[in-house]
Amino acid sequence: PEPERWTFQNPDWVTKEKWRSSVIYPPDGKNKASVDMEDIQRLDEGEFLNDNLIVFYLRWLEDRLGKENPELASRIYFTNTFFYERLTKHAKGKSGGINYEAVERWTAKIDLLKYDYIVVPVNETVHWYVAIICNAPKLLKQPPTEEATSQDAKNSHAGAPSNTAEAEGQSIPSPLKDTEMVDLDLPPAKVASDLMEQQPLQTKKGKRKSIPAPRRYSPDEPRIITLDSLGLTHSPTCTNLRKYLLQEIKAKKNIEIDDPGPLGTTARNIPQQDNHCDCGLFLLTYIEEFLKRPDEFVRDLLQQNEQDFSGWRSASEMRKYIRDLLFGLQRGQTREAEVSRKDKAKSKQAKAGDK
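Given the structure is predicted, the values throughout are model-derived calculations rather than measurements.

*Asks:* Sorry, what's going on with the confidence of the model for the protein here?
*Replies:* Interpretation of this model should avoid reading the predicted coordinates in detail wherever pLDDT is low. Scored by pLDDT, the protein comes out at a mean of 82, with 77% of its residues at no less than 70. When the criterion is pLDDT under 50, residues 142-203 qualifies, and its contacts beyond four places in sequence or with other chains add up to 112 contacts.

So, in structure tokens, the structure goes:
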């Protein structure tokens, strides 16, 4: 059945809510988001959120975090919604890899390597998901010891790759690269890694061998976690973001570090959409919940901890929440405009009386 659309059920909402002009948020400062009257219908059931709504709510979350918890806000950096598209869009005649030059100036006045978390909203083929880069500052490691350097040389001489996740103290049963990632889809697991494939093996007699324990990762090491409401994995995205970080370190810190190898991990058993249109709402919910307790949120994902999602907003609840939020901001914006108009009128009258 066709979902019930709020704007169809409330055809007089523009008059009732006294919508007069686009909502601008935040009202002061830089990086303002704008939501137009036509955008409200995108909050109806069955509709995709558009860029205006997603940018608005991300700015709302970021601005509110800065006001309510400035210390935590200082540890988290938000890229804008066009960052990844620009990073991976190549000049004419070029293909593959990343286009670092296209976004290099975006962080000209920002030390990206001081942030514990970098939130990267991504839209690919009309689908939204988010990548969270964790512990990027720890990529700036101390120079390798003589022993490690010697071992790297031996590996290189033997034809073995020297820059793998073993450098981070993580064993890898197969030398797969980011782009060779296979989905880890074991029922008990909370996280699927893009580093390797784990599947139950069949013996010649058809008996299943024991399933290896779910993989756990240290929440203190560099990691790129993707959260996707369709459960899709994004190994190329993790590869591109890792390459971006290496380029950023080289350009801004004048340091060329060894490639740490695959860092990508896909969050599993998180709330998922059950239709074709709610990905933007889940993106916003993932980020909203992450911002409430980022350290614990990441630790729970990487350490396979049980989680309680009962307090998370559903997609329908998020639609209503954003709509009500916008209407509240519209009313406040209208009141302020009215006060400003009256103040200007009084000032004009006072000047006229002085003449």
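*Asks:* Just checking my understanding: could you explain the pattern of salt bridges for this structure?
*Replies:* Opposite charge on two side chains allows them to pair when their charged atoms are near. Counting across every chain of the model gives 16 salt bridges. A salt bridge links E289 to K292, with the shortest nitrogen-to-oxygen separation between them at 3.0 Å. On the criterion of helical spacing, the pair formed by E289 and K292 is a turn pair, its members being three residues apart in helix 8 (residues 279-292). Among the ionic pairs, D300 bridges to R293, the shortest N-O distance being 3.2 Å. Look at D300 and you get buried, because its relative accessible area is 13%. A residue is classified by how much of its surface remains accessible, and R293, at 34% relative accessible area, is partly exposed. Within this structure, E45, D278 and R319 form a network of salt bridges that share partners.

*Asks:* Any chance you could explain the pairing of strand 4 (residues 117-124) here in plain terms?
*Replies:* Consecutive residues of a regular strand have side chains that alternate between opposite faces of the sheet. Of all eight residues in strand 4, six are buried, a share of seventy percent or more. Two elements, strand 3 (residues 76-78) and strand 4, share three bridges in a ladder whose sense is parallel. Looking at strand 4, one finds that F78 is bridged to V119. Taken together, the eight bridges between strand 4 and strand 5 (residues 127-134) define a ladder with antiparallel strand orientation. Considered in strand 5, the bridge of V122 is made with Y129. Counting the residues that bridge the hairpin from strand 4 to strand 5 gives two residues, and of these T125 lies at a positive phi of roughly 45°.

*Asks:* I'm lost on the pairing of strand 5 in this one. Help?
*Replies:* Of all eight residues in strand 5, eight are buried; the element is thus mostly enclosed. Alternating residues of strand 5 divide into H127, Y129, A131 and I133 and W128, V130, I132 and C134, and every residue in both groups is buried. Taken together, the five bridges between strand 5 and strand 7 (residues 223-227) define a ladder with antiparallel strand orientation. Note on strand 7: the bridge partner recorded for V130 is L227.

*Asks:* Looking at this model, I keep getting lost on helix 9 (residues 294-302). Mind explaining?
*Replies:* The periodicity of an α-helix, 3.6 residues per turn, causes residues three or four positions apart to be oriented the same way. By the burial criterion, the buried members of helix 9 are P294, F297, V298, D300, L301 and L302. Phi turns positive one or two residues past the end of helix 9, at Q304, with a value near 65°.

*Asks:* Please explain the side chain of E289 as it appears in this structure.
*Replies:* For E289, a relative accessible area of 8% translates into the label buried. At a separation of 3.3 Å, a polar atom in the side chain of E289 contacts the side chain of W312. Ignoring any residue separated from it by four or fewer positions in sequence, one finds E289 in contact with F297, G311 and W312.

Definitions and cut-offs
- Residues numbered from 1 in each chain as written.
- Predicted model: local features only at pLDDT ≥ 70, side-chain atom pairs only at ≥ 80, totals over all residues.
- Heavy atoms only, no water.
- pLDDT = per-residue confidence, 0-100.
- Contact = heavy atoms within 4.5 Å.
- Salt bridge = Lys/Arg side-chain N within 4 Å of Asp/Glu carboxyl O.
- Helix = DSSP H or I, 4+ residues; strand = E, 2+ residues; numbered from the N terminus.
- Buried < 20%, exposed > 50% of the residue type's maximum accessible area, 1.4 Å probe, protein only.
- Pairing = 2+ DSSP bridges.
- Polar contact = N/O pair within 3.5 Å; in protein donor to acceptor, adjacent residues only side chain to side chain.

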